[in-house]
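# Secondary and tertiary structure notes
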Amino acid sequence: MAVHGWDFDVAVVGGGPGGSSAATALARRGKRVLLLERERFPRFHIGESQLPWSNEVFRTLGVDQAIAEAGFVKKWGASFRPPGSTKEQYADFSAAVETPTPQTFQVLRERFDEVLLRHSQRCGVDVREEHRLLDATFEPDSVSLRFADAGGAEQTARVGVVVDASGRTGIIAKRFGQHEYDPLLRNIAIHAQYEGVPRAEGRRAGDIRMFTRDDMGWLWFIPLSDTVMSVGAVIPKASHQREGKQTAEESLAHYLACTPLAAALLVQARQITPARIDVDYSYLATRMAGDRWVAVGDAAAFLDPIFSTGVLLAMQGGLDAAEAIESGLRTGDLSARAFTRYESIARKRYHHFRRFVIGFYDPAFRDLWFTPKKVFGIYGAIVSVLAGNWRPSVLTRAKIRLFFALVALRRVGRRFEKA
Ligand SMILES: Cc1cc2nc3c(=O)[nH]c(=O)nc-3n(C[C@H](O)[C@H](O)[C@H](O)COP(=O)(O)OP(=O)(O)OC[C@H]3O[C@@H](n4cnc5c(N)ncnc54)[C@H](O)[C@@H]3O)c2cc1C
């Protein structure tokens, strides 16, 4: 028993990418970590397309080799096609400036999350699957947790600090604050897996392909193996209220059928999993940390998946939270004040990507994005952000600003065209 009388220095609630990253980073720094996960892995999760900047996180966690050996599909870029057009904009990660390794992966999340969680275990984390956190009591010098196993038997543990990595549940974050929804990003997502979908040849066979719709919705095609393709539709809430059908199956069939470029790819395809529906609203937690707690990943914020940023944000957040907690344990300050910097960085990173996501739903942004002019190095700067670059250099930031200035001009141009 340590001097504090804690059973563990840290408890992490949730074994997704955010939780396992925080837990691994802390265990590798010699901390005693308990991780509670209510499911038994492998378990299904949406969020399959990864970004090159996650490679840096894998390396920091020492899990890069295990990921490379897991047999995931290699991804080198993302393509976007507007309705009724033969022109395609390709984000080729090899062109992304400041990006050390441009190749990333498309992953079956049940497998990917399990690789990360088993790595946490190997690093010394006490991982308890099928253990659900029921309650946390915050005291001045500790946190007392009450949790239940699959049979309902309850246990307790006293820890120094808690990481809320419970995903959208946000079990602690919602207790001390709320998930504040973004009025500009209210979409729903419906998805399923298919076999028999034709794909590109060679290096681009593993890329994500996206087809945009006139109502600003879009469809994704993500190759998950040599034969399986994840197919999903992200539809604005307003369109879904008008067009949505009785069941998820019918709605998905409808959105695929009325997006001709997608429908053409599915002529010979066979759906192999039931359609699932997700409310896909973006949000930010009003508080991401407090006395003896920190929220990471979807517990802290969720951003529309158009640029596949979710897992990167969760894992990088897990690393940053681990650093803040380690410092707090060292100095003996685990109060909200100790996590101010963590929260400020997490918010900045979120807004950095949100600007692009909001842009994608703006016709003026799409016009420019689909105009493949590679001037002033703007393309390399934009693709760098799409590769996950959350800390661009001053020069890259300037190019991004220039791009958004052009978008603003284009917006004015569109107004004149309409008038
Ligand atoms: C439609 C859609 C498409 C997406 N596509 C992509 C994509 O292509 N690429 C990408 O990077 N991201 C994508 N995302 C986002 C991505 O899925 C998430 O951002 C990511 O999974 C967040 O990881 P996390 O660890 O924070 O949470 P999660 O992965 O959700 O993990 C949270 C864990 O907490 C556990 N838990 C919850 N409550 C408790 C409790 N009380 N006790 C114990 N355990 C608990 C859960 O069982 C779960 O395993 C997508 C999301 C949606 C909705």
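Calculation criteria
- Residues numbered from 1 in each chain as written.
- Predicted model: local features only at pLDDT ≥ 70, side-chain atom pairs only at ≥ 80, totals over all residues.
- Helix = DSSP H or I, 4+ residues; strand = E, 2+ residues; numbered from the N terminus.
- Rg over C-alpha atoms; globule rule 2.2 N^0.38 Å.
- Buried ≥ 20, exposed ≤ 12 C-beta atoms within 10 Å, placed from the backbone.
- Contact = placed C-beta atoms within 7 Å.
- Expected span 1.5 Å × (residues − 1).
- Arc of directions from axis to C-beta.
- Domains from an automatic or database assignment.
- Near = placed C-beta within 6 Å.
- Nonpolar A, V, L, I, M, F, W, Y, C, P; charged D, E, K, R; others polar.
- Pairing = 2+ DSSP bridges.
- Axes fitted to C-alpha atoms, helices over the stretch in contact; angles between N-to-C directions.
- Parallel < 35°, antiparallel > 145°, perpendicular 65-115°, else oblique.

The secondary structure content of the chain amounts to 13 helices and 21 strands. Compactness check: the chain gives a C-alpha radius of gyration of 22 Å against a globular reference of 22 Å for 419 residues, within 12% of the reference. Taking all 419 residues of the chain together, 47% fall into the buried category. In the chain, the proportion of contacts linking residues at least 24 apart, taken out of those at least 6 apart, comes to 74%.

Moving on, we get to helix α4 (residues 109–122). Taking 1.5 Å per residue as the helical rise, α4 with its 14 residues ought to reach 20 Å, and the 20 Å between its terminal C-alpha atoms agrees with that figure. Within α4 the residues assigned to the buried category are F112, D113, L116, L117, H119 and S120. End-on view of α4: buried residues confined to an arc of 155 degrees, all on one side of the axis. Packing partners of the buried residues in α4 comprise α1 (17–27), β2 (33–37), α2 (54–61), α3 (64–68) and β7 (126–129). Once α4 ends, the next one or two residues include G124, with phi positive near 110 degrees.

We now examine unusual backbone geometry. For the peptide bond that leads from F41 to P42, omega is 0 degrees, which places it in the cis range. On the secondary structure map, P42 appears in the loop between β2 and α2. The phi torsion at M216 lies on the positive side, around 75 degrees, for a residue other than glycine. Tracing the chain through its elements places M216 in the loop between β13 (208–212) and β14 (218–223). In this structure, R292 takes a positive phi of about 65 degrees despite not being glycine. Mapping R292 onto the fold places it in the loop between β19 (289–290) and β20 (293–295). A count of 24 C-beta atoms within 10 Å places R292 in the buried class.

To continue, consider the domain arrangement of the chain. Considered domain by domain, the chain is made up of domain 1 (8–181 + 282–354), domain 2 (187–279) and domain 3 (367–418). Just the C-alpha atoms count here: the centres of domain 1 and domain 3 sit 29 Å apart. Between domain 1 and domain 3, the residue contacts involve 24 residues of the former and 16 residues of the latter. Elements represented by at least two residues in the side of domain 1 that touches domain 3 include exactly β4 (77–81), β5 (89–92), α9 (310–331) and α10 (340–360). A total of three residues in the side of domain 1 that touches domain 3 trace back to one element, the largest contributor, which is β5.

A separate point is the site of the ligand. The full set close to the ligand counts 34 residues, and G16, G47, G167, G297 and G310 are the nearest of them. Split into classes, the residues belonging to the shell around the ligand amount to twelve nonpolar, 14 polar and eight charged.

To continue, consider the pairing of β4. The element β4 is extensively covered by neighbouring structure, given that four of its five residues are classed as buried. Here four bridges tie β4 to β5, and the two strands are oriented antiparallel to one another. Looking at the pairing, S79 lines up with Y90 of β5. Relative to β13, β4 is paired through four bridges, and the arrangement is parallel. Among the inter-strand pairings, S79 is bridged to a residue of β13, identified as R209.

Moving on: helix α12 (residues 378–386). The buried fraction of α12 is high, at seven of nine residues. Where α12 is concerned, the buried positions are Y379, A381, I382, V383, S384, V385 and L386. In this structure, the buried side of α12 is in contact with β4, β5, α10 and α13 (394–418). Note on α12: the residue one or two positions beyond its end, G388, has a positive phi of about 110 degrees.

Now for the sheet that holds strand β18 (residues 283–285). Overall, antiparallel pairing links the three strands, which are arranged β11-β18-β21 in an open sheet. Of all the strands in the sheet, the pair left with one neighbour each is β11 (179–181) and β21 (301–302). The sheet contact formed by β18 and β21 spans two bridges and is antiparallel. Looking at β21, one finds that L284 is bridged to A301.

This part is about the environment of Q241. Positionally, Q241 belongs in helix α6 (residues 237–243). For the pair Q241 and R287, spaced 46 residues apart in sequence, the C-alpha to C-alpha distance is 31 Å.

Bringing the environment of F72 into the picture now. As for its position among the elements, F72 is in the loop between α3 and β3 (73–75). Considering only alpha carbons, one finds F72 and G206, 134 residues apart in sequence, at a separation of 9.7 Å. Not counting residues within four places of it along the chain, the set of residues in contact with F72 comprises F105, Q106 and V107.

Time to look at the packing of α12 against α13. Here α12 crosses α13 at 100 degrees, and the two axes come no closer than 9 Å. In this view, α12 runs roughly perpendicular relative to α13, as classed from their interaxial angle. Contacts between α12 and α13 involve I378, A381, I382, S384 and V385 on the former and, on the latter, T396, K399, I400, L402 and F403. Its residues placed into classes, the contact of α12 with α13 shows seven nonpolar, two polar and one charged.

Here F93 lies in the loop between β5 and β6 (104–106). Residue F93 is classed as buried on the basis of its C-beta count, with 23 C-beta atoms lying within 10 Å. In this structure, F93 is in contact with P52, W76, G77, T99, P102, V383 and A387, ignoring residues within four places of it in sequence.

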